[in-house]
Amino acid sequence: MGENLILQKKLSGSSRVLVTGAAGFLGSHLCDALLGEGCSVVGVDNLCTGKAVNVQHLAAEPRFELKEQDICQPFDPGPVDYVFNFASPASPVDYMSLGIETLRVGSDGTRNALEVARKYGASFLQASTSECYGDPRVHPQPEDYWGNVNPVGPRSVYDEAKRFSEALTMAYHRYHHTDTRIVRIFNTYGPRLQSRDGRVISNLMTQALRGEDLTIYGDGTQTRSFCYVSDEVEGILRLARSDEHWPMNIGNPEEWTILECAQEVLAVTGSSSRIRFESLPVDDPIQRQPDITRARQLLGWEPKIDLRTGLKLSLEYFQRCVERGEEARPVQAAAPAASATQPAAGTNCGGARGREDP
Ligand code: UDP
């Protein structure tokens, strides 16, 4: 991998850091953590799904600036030591309604961010996703599983954009000797998760607090593993300081069915909302759980906050959203229908399986 040639700029208190997607849920928490370490942060966001209010508390911070900019256009933030590329619509409802923009930010945007790193000899960390594993046939998912992604389904705009951004990051590492990292982020939640982004935690918390029915898609037996935001950011910073160039899962390995998750939401909110079943979106993964063996071994990291505790820590934030009149957002109608009939998975054009597949 040519490690000898790589100029590594370690993350330190004197670093000047670029965060793309700085006004997003994860990006804004990352900015807080980097500033807490003493770094100067230049945040870039086109406010397409990010919200300026997420970094409003940093308005008087002299070590922070937010530039409203679309990273799909080449840009130059000046000399930086580290680039964290976190710009992208990230919830299924958002990326399915912004399909072309999502593909562009994963491709053109990632390339422009990598060019900034290359120009200034900065290190680079790419925010990737558990969606790279698609609807996984290997469970839990280790990093060397290649995934089971439908390349032409409604989620492909996000899954393939992120898979391409991983490939591009590795190519800059191999061909330009850029010092790169790739984090595969599993479902993360906490304050600043937009109540209207359509994700399961934001929808269920908002619905429970409004006394509305909790919408469960499918029969609720599909699983996810939920990581509280402070655990996620800690794992990302540990990866940034490591020498690991291969993708790294950072997520909470505690696996929940969506029905169990709804019960936790009811317990934490004290709500008597009922559950309403709705149809399962196309290609919705049936199971998801990170194998974090490598993060434990290489970063000495594992999450500390369980779902019940994390939901309690998020409660006040969602209460404020509801007080402002914000509502949950259904997934229906987010993705425009394709005119062609899609071939079923498992036919010879649906078998994008990894080498670990049994
Ligand atoms: N989900 C649900 N009700 C909702 C929103 C989501 O049952 O109001 C389900 C969704 O179908 C999926 C899981 O919860 O199986 C997680 O969805 P989310 O949008 O949070 O993220 P994903 O993991 O699918 O990217």
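For clarity, every value in this text was computed on a predicted model and none was experimentally measured. (Residues numbered from 1 in each chain as written. Predicted model: local features only at pLDDT ≥ 70, side-chain atom pairs only at ≥ 80, totals over all residues.)

Considering the overall build of the chain
A count of helices and strands for the chain gives nine helices and 13 strands. Scored against the burial criterion, the 358 residues of the chain give a buried share of 49%. In the chain, the proportion of contacts linking residues at least 24 apart, taken out of those at least 6 apart, comes to 82%. (Helix = DSSP H or I, 4+ residues; strand = E, 2+ residues; numbered from the N terminus. Buried ≥ 20, exposed ≤ 12 C-beta atoms within 10 Å, placed from the backbone. Contact = placed C-beta atoms within 7 Å.)

A few points about the site of the ligand
Among the 15 residues in the neighbourhood of the ligand, the closest are listed as Arg199, Val200, Asn203, Thr215 and Tyr217. Of all the secondary structure elements, the ones that give two or more residues to the shell around the ligand are helix 5 (200-210) and strand 8 (214-217). Of the residues forming the shell around the ligand, the biggest block, three residues, is contributed by strand 8. Broken down by class, the residue content of the shell around the ligand amounts to six nonpolar, six polar and three charged. Two domains each provide a minimum of three residues to the shell around the ligand, namely domain 1 (15-190 + 228-250) and domain 2 (200-224 + 254-289 + 305-323). (Near = placed C-beta within 6 Å. Nonpolar A, V, L, I, M, F, W, Y, C, P; charged D, E, K, R; others polar. Domains from an automatic or database assignment.)

Some remarks on the domain arrangement of the chain
You can read the domains of the chain as domain 1 (15-190 + 228-250) and domain 2 (200-224 + 254-289 + 305-323). Each of domain 1 and domain 2 has a C-alpha centre, and the two are 25 Å apart. Taken together, the contact pairs 18 residues of domain 1 with 13 residues of domain 2. Across the side of domain 1 that touches domain 2, the residue classes tally to six nonpolar, nine polar and three charged.

Here's the deal with the environment of Ser91
Locating Ser91 in the fold gives a position in the loop between strand 4 (82-85) and helix 2 (92-97). Ser91 gets classed as buried once you count the C-beta atoms within 10 Å, which come to 23. Residues Ser91 and Gly198 lie 107 residues apart in sequence; the distance between their C-alpha atoms is 6.8 Å. Excluding its chain neighbours within four sequence positions, the residues that come into contact with Ser91 are Asp197, Gly198 and Arg199.

Examining the environment of Arg296
Tracing the backbone shows Arg296 in helix 8 (residues 293-299). Along the sequence, Arg296 and Tyr82 sit 214 residues apart, while their C-alpha atoms lie 24 Å from each other.

Section: helix 7 (residues 258-269)
When the terminal C-alpha atoms of helix 7 are compared, their 16 Å separation across 12 residues agrees well with the 16 Å that a helix rising 1.5 Å per residue should span. Turning to helix 7, its buried residues number three or more, namely Ile258, Cys261, Ala262, Val265, Val268 and Thr269. Projected onto a plane normal to the axis of helix 7, the buried residues spread over an arc of 125° and lie on a single side. Here the buried face of helix 7 lies against helix 5, strand 8, strand 9 (223-225), strand 12 (255-257), strand 13 (275-278) and helix 9 (307-323). Positive backbone phi, approximately 70°, marks Gly270, located one or two places after helix 7. (Expected span 1.5 Å × (residues − 1). Arc of directions from axis to C-beta.)

Quick notes on the packing of helix 5 against helix 7
Each packed pair of helices is defined by two parameters, the angle between the axes and the distance between the axes. Two elements in contact, helix 5 and helix 7, have axes whose closest approach is 10 Å; the angle formed by their N-to-C orientations is 40°. Comparing their axes, helix 7 and helix 5 come out oblique. When you trace helix 5 past helix 7, the crossing you get is right-handed. Only Ile258, Cys261, Ala262, Val265, Leu266 and Thr269 of helix 7 make contact with helix 5, whose side of the interface consists of Val200, Leu204, Met205, Ala208 and Leu209. (Axes fitted to C-alpha atoms, helices over the stretch in contact; angles between N-to-C directions. Parallel < 35°, antiparallel > 145°, perpendicular 65-115°, else oblique. Left-handed = near helix turned anticlockwise from the far one by under 90°.)

Here's the deal with the sheet that holds strand 3 (residues 64-68)
Strands sit in the order 3-2-1-4-5-6-11 across an open sheet of seven strands; the sheet is parallel. Two strands lie at the open edges of the sheet, namely strand 3 and strand 11 (248-250), each paired on one side alone. Sheet twist, expressed as the mean angle between neighbouring strand axes with direction ignored, is 20°. Note that strand 1 (residues 16-20) and strand 2 (residues 40-45) share five bridges and pair parallel. Bridge pairing in strand 2 links Leu18 to Val42. Those strands touched by helix 4 (residues 156-176) are strand 5 (123-129) and strand 6 (180-185), and its axis lies near 155° from that of strand 5. (Pairing = 2+ DSSP bridges.)

Focus: the environment of Ile305
By the element assignment, Ile305 lies in the loop between helix 8 and helix 9. A tally of 19 C-beta atoms within 10 Å means that Ile305 is categorised as partly exposed. The spatial distance from the C-alpha of Ile305 to the C-alpha of Asp231 is 7.1 Å, given a sequence separation of 74 residues. Non-local contacts of Ile305, meaning those with residues more than four positions away in its chain, are made with Tyr228, Ser230, Asp231 and Gly310.

A few points about the packing of helix 3 (residues 99-120) against helix 4
Two numbers describe how helix 3 lies on helix 4: the axes approach to 8 Å, and their chain directions differ by 15°. The orientation of helix 3 with respect to helix 4, classified from their angle, is roughly parallel. As helix 3 runs across helix 4, the sense of the crossing is right-handed. Packed against helix 3, whose contacting residues are Gly99, Thr102, Leu103, Gly106, Ser107, Thr110, Arg111, Leu114 and Arg118, the element helix 4 presents Val157, Tyr158, Ala161, Lys162, Phe164, Ser165, Leu168, Thr169, Tyr172 and His176 at the interface. The residue inventory of the contact of helix 3 with helix 4, partitioned by class, reads eight nonpolar, eight polar and three charged.

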